[in-house]
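Read off the chains here:
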Amino acid sequence: SEIIVNIEKLYNSFLFNATLIGALVLILVLVTVGVIKFKLLNSKAKQIALILLTAICSVGLMIFHFVEITPVYKDYSEQSYVLIENAKIIIKDGSSGGINSTNKVVVTYEDKVIELKMQTDYSLNTEVEYVGKIAYLERSEYIVWYQFE
């Protein structure tokens, strides 16, 4: 049940990011409308360029997040995860992402090596091998639960 709760927490963090992205796009559109309405740009070409840039950036940002959230949503709705015992994991140094920063993790078990992601946990050291049980999501490849020896 702890695994299911963690899957829900991961999905909710992606929903929170989607809400922030929606607010950012709304503010961007409002600023663009304000710039055009108050004629802060003196030529039609600059206004058209601003509108195109706003549209491209807004759509690109939403598509990028949609592609990122889709596998997490499928894992959440199907509660599809894989449980591995006696896994050796090494959290790679350096995190990526903004609000939900993630680390790459290399997992070795039964002569298999896979690369996964996990939300940054500052209580764990990077470049140190941990051994124990992990649960990760099948599609999005996020580690959502671990228990180290």
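Residues numbered from 1 in each chain as written. Predicted model: local features only at pLDDT ≥ 70, side-chain atom pairs only at ≥ 80, totals over all residues. Heavy atoms only, no water.

Here we look at the overall build of the protein
Then, in step 1: Of regular secondary structure, the protein possesses two helices and five strands.
Then, in step 2: Across the protein, helices and strands are ordered from the amino to the carboxyl terminus as α-α-β-β-β-β-β.
Then, in step 3: Taken against the 2.2 N^0.38 rule, which gives 15 Å for 149 residues, the C-alpha radius of gyration of the protein at 20 Å runs more than 25% over that of a compact globule.
Then, in step 4: Along the first, second and third principal axes, the C-alpha set of the protein runs to 65 × 30 × 25 Å.
Then, in step 5: Counting over 149 residues, the protein shows a buried share of 31%.
Then, in step 6: Sequence separation of 24 or more characterises 58% of the internal contacts of the protein that already satisfy a separation of 6 or more.
Then, in step 7: In the structure as shown, the protein presents an accessible area of about 9600 Å², 61% of it carried by carbon and sulfur atoms. (Helix = DSSP H or I, 4+ residues; strand = E, 2+ residues; numbered from the N terminus. Rg over C-alpha atoms; globule rule 2.2 N^0.38 Å. Buried < 20%, exposed > 50% of the residue type's maximum accessible area, 1.4 Å probe, protein only. Contact = heavy atoms within 4.5 Å. Areas by Shrake-Rupley, 256 points an atom, 1.4 Å probe, with all protein chains shown as cover.)

A look at the pairing of strand E2 (residues 102–109)
Then, in step 1: Inspection of the sheet shows strand E1 (residues 81–96) paired to E2 by six bridges, in the antiparallel sense. Note on E2: the bridge partner recorded for isoleucine 89 is valine 107.
Then, in step 2: Two elements, E2 and strand E3 (residues 112–119), share eight bridges in a ladder whose sense is antiparallel. By the bridge assignment, threonine 108 is partnered in E3 with valine 113.
Then, in step 3: As consecutive antiparallel partners, E2 and E3 are separated by two residues, and within that stretch glutamate 110 has a phi angle of approximately 45°, a positive value. (Pairing = 2+ DSSP bridges.)

Brief notes about the pattern of salt bridges
Then, in step 1: Considering all chains together, one arrives at three salt bridges under this definition.
Then, in step 2: For arginine 139, the salt bridge is made with glutamate 78, and the minimal N-O distance between the two is 2.8 Å. One end of the pair, arginine 139, is in the loop between strand E4 (129–137) and strand E5 (143–148); the other, glutamate 78, is in helix H2 (residues 44–78), with 61 residues separating them in the sequence.
Then, in step 3: You can call glutamate 78 partly exposed: its relative accessible area is 48%.
Then, in step 4: Among the salt bridges present, the one from lysine 92 reaches glutamate 127, with a minimum N-O distance of 3.9 Å. (Salt bridge = Lys/Arg side-chain N within 4 Å of Asp/Glu carboxyl O.)

Re the nonpolar core
Soluble globular proteins tend to pack their nonpolar side chains together in the buried interior.
Then, in step 1: The biggest cluster of nonpolar side chains holds 14 residues, and the ones touching the most others in it are Ile89, Ile91, Val105, Val107, Ile134 and Ile143.
Then, in step 2: Listed by contribution, the elements that provide at least two residues to this core are E1, E2, E3 and E4.
Then, in step 3: Looking at this core element by element, the count peaks at four residues for E1.
Then, in step 4: Isoleucine 89 has contacts with Val105, Val106, Val107, Val128, Glu129, Tyr130, Ile134 and Phe148, leaving out every residue within four places of it along the chain. (Core = buried A, V, L, I, M, F, W, Y, C linked by side-chain atoms within 4.5 Å.)

A short note on the environment of aspartate 93
Then, in step 1: On the secondary structure map, aspartate 93 appears in strand E1.
Then, in step 2: Put simply, aspartate 93 and asparagine 125 are 32 residues apart on the chain and 8.7 Å apart in space, counted from C-alpha to C-alpha.
Then, in step 3: Excluding anything up to four places from it in sequence, aspartate 93 contacts Thr126 and Glu127.

A closer look at the sheet that holds E2
Then, in step 1: Spatially, the five strands line up as an open sheet ordered E3-E2-E1-E4-E5, and their pairing is antiparallel. Both outer strands of the open sheet, E3 and E5, are each paired with one neighbouring strand and no more. If you compare each strand with its neighbour and ignore which way they point, the axes differ by 45° on average.
Then, in step 2: Alignment of E4 against E5, held across five bridges, turns out to be antiparallel. Residue pairing for E5: glycine 132 is matched across the bridge by phenylalanine 148.
Then, in step 3: With respect to the sheet, helix H1 (residues 2–37) is in contact with E1, E3, E4 and E5, its orientation differing from that of E5 by roughly 140°. (Axes fitted to C-alpha atoms, helices over the stretch in contact; angles between N-to-C directions.)

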